[in-house]
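Survey of secondary and tertiary structure
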Amino acid sequence: MDTTTTILNSAKNTILAESKSIAELVNYLTYDFAEATKIIYNSKGRLVVTGIGKSAIIAQKIVATLNSTGTPSVFLHAAEAVHGDLGMVLPQDVIICISKSGNSPEIKVLVPLLKRFGNTLIGMTADANSFLGKESHYLLHAYVESEACPNNLAPTNSTTAQLVLGDALAVALMELRNFKSEDFAIYHPGGALGKKLLLKIKDMLDTTHTPKVAPDASIKKVIMEISEKRLGVTAVIDNEKVIGIITDGDIRRMLNDNDTFTHLVAKDIMTKNPKNINSNILASEALSILENNSITQLVVIDNDIYKGILHLHDILKEGIV
């Protein structure tokens, strides 16, 4: 068997072993999972997630997921807890302690200290009969038959099982909170989804470069204004109101239809009643308007006052699509 085939078979076996371990987790879901979820949901404090070794890394990921989905959470390293970090635990906090064996020395030292404070302790372990399993108020049973590691040593299936249980907990809490995509966006304002649901035109509009000309402006003036503001368009303003726009395309069509343009002014070549929007609408809505009308610019008008030009590139630059 060649090396490539050996590598691919190894990868397939690992994936199948982990997927089997995850699928079997449903057989270990009990009343404790539901009760633990309700206690976290009803808690007035935070969720403190702790662990040691690879379980500590999983704990950090679970904390990140919970924080981004509406459950305030903090990570506490089990080894550092007994050296002062235990002070971060507040009376109303709920604690999840993660350990595959449930019998590591750090866990045996930490668990009695946590219980002494009177906090609810939720244990996540593969061994329900371990020290952690027996001492916890509620058990999240992350049982796996073996690791994907050929020596049955390196945490593989077990850490994946812990991660999946953490995800199951986060999703259950999301559903209890009726957590919507709009809520998710609030916690991810810098991401594409956050911007799609939160970013408004006024948040991205450049009001320092607002191309505009008078109705009787010369074509030379129009061309200079479009070139200077570099948006490929200028608004035509009369008595402080937008009466039309002139785009690069309008200039090209004019040149194609006329041998000379000295007799023409802005109002002769402008497009009347241009598509316009209010600066308070979402950028995602503006994108839909641009796409539906096959245009690249929109005039921004608030209470009949010209605010500027929104270009398709402004939206693309924000990474909304």
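Heads up: the structure comes first, above all this text.
Residues numbered from 1 in each chain as written. Predicted model: local features only at pLDDT ≥ 70, side-chain atom pairs only at ≥ 80, totals over all residues. Heavy atoms only, no water.

**Notes on the overall build of the protein**
Test applied: Under the DSSP-based scheme used, a helix requires at least four consecutive residues in state H or I and a strand at least two consecutive residues in state E, with every element numbered from the N terminus. Two things to know: the radius of gyration comes from C-alpha atoms, and the globule rule equals 2.2 Å times the number of residues to the power 0.38. Accessible area is worked out with a 1.4 Å probe on protein chains only. A residue is then buried under 20% of its type maximum, exposed over 50%, and partly exposed in between.
The helix and strand inventory of the protein stands at 15 helices and 12 strands. Relative to the compact-globule value of 20 Å for 321 residues, the protein shows a C-alpha radius of gyration of 31 Å, a clear excess of over 25%. Seen through its principal axes, the protein has C-alpha atoms that stretch 95 × 60 × 35 Å. The buried share of the protein, taken over its 321 residues, is 44%.

**Brief notes about the environment of N13**
Here N13 shows up in helix 1 (residues 3-24). Looking at N13, the relative accessible area reads 52%, which means it is exposed. Taking the C-alpha atoms as reference, N13 lies 12 Å from T156; in sequence the two are 143 residues apart.

**What about the sheet that holds strand 8 (residues 241-247)?**
Within a sheet, neighbouring strands are paired by backbone hydrogen bonds and run either parallel or antiparallel to one another. What counts, and what does not: Any two strands with at least two DSSP bridges between them are considered paired. Whether two residues touch is decided by their heavy atoms; if any such pair falls within 4.5 Å, the residues are in contact. An axis is simply a line fitted to the C-alpha atoms; with a helix, the fit covers only the stretch in contact. Between two such axes, the angle follows the N-to-C directions and lies from 0 to 180 degrees.
Spatially, 4 strands are ordered 6-7-8-9 in an open sheet, and the strand pairing comes out mixed. Each edge of the sheet is formed by a strand with only one pairing partner; in this case those strands are strand 6 (212-213) and strand 9 (271-272). Where helix 12 (residues 248-257) meets the sheet, its contacts fall on strand 8 and strand 9, and the angle it forms with strand 8 comes to roughly 65°.

**Structural notes on a nonpolar patch on the surface**
Threshold: Note that patches include only residues with greater than 30% relative accessible area and no salt bridge, and the join distances are 9 Å for like charges and 5 Å for nonpolar side chains (Val, Leu, Ile, Met, Phe, Trp, Tyr). To measure how exposed things are, a 1.4 Å probe is used in the Shrake-Rupley method; for residues, cover is taken only from the protein chains shown. Take a side-chain nitrogen of Lys or Arg and a carboxyl oxygen of Asp or Glu: if they are within 4 Å of each other, that pair is a salt bridge.
Together, I223, L255 and F261 make up a nonpolar patch on the protein surface, roughly 220 Å² of accessible area in all. Positionally, L255 belongs in helix 12.

**Some details on the sheet that holds strand 2 (residues 73-77)**
Here 5 strands make up an open sheet; going across it, the order is 2-1-3-4-5 and the pairing parallel. Looking at the sheet topology across the chains shown, the edges are occupied by strand 2 and strand 5 (138-141). Neighbour to neighbour, the strand axes of the sheet diverge by 20° on average, direction disregarded. Here strand 3 (residues 94-98) runs beside strand 4 (residues 120-125); their pairing, made up of 5 bridges, is parallel. Of the residues in strand 4, the one forming a bridge with I98 is M124. Those strands touched by helix 7 (residues 157-177) are strand 3, strand 4 and strand 5, and its axis lies near 140° from that of strand 4.

**Examining the environment of P150**
Turning to its location among the elements, P150 is positioned in the loop between strand 5 and helix 7. With 136 residues separating them in the primary sequence, P150 and T14 have C-alpha atoms 9.3 Å apart.

Geometric values such as these leave the question of function open.
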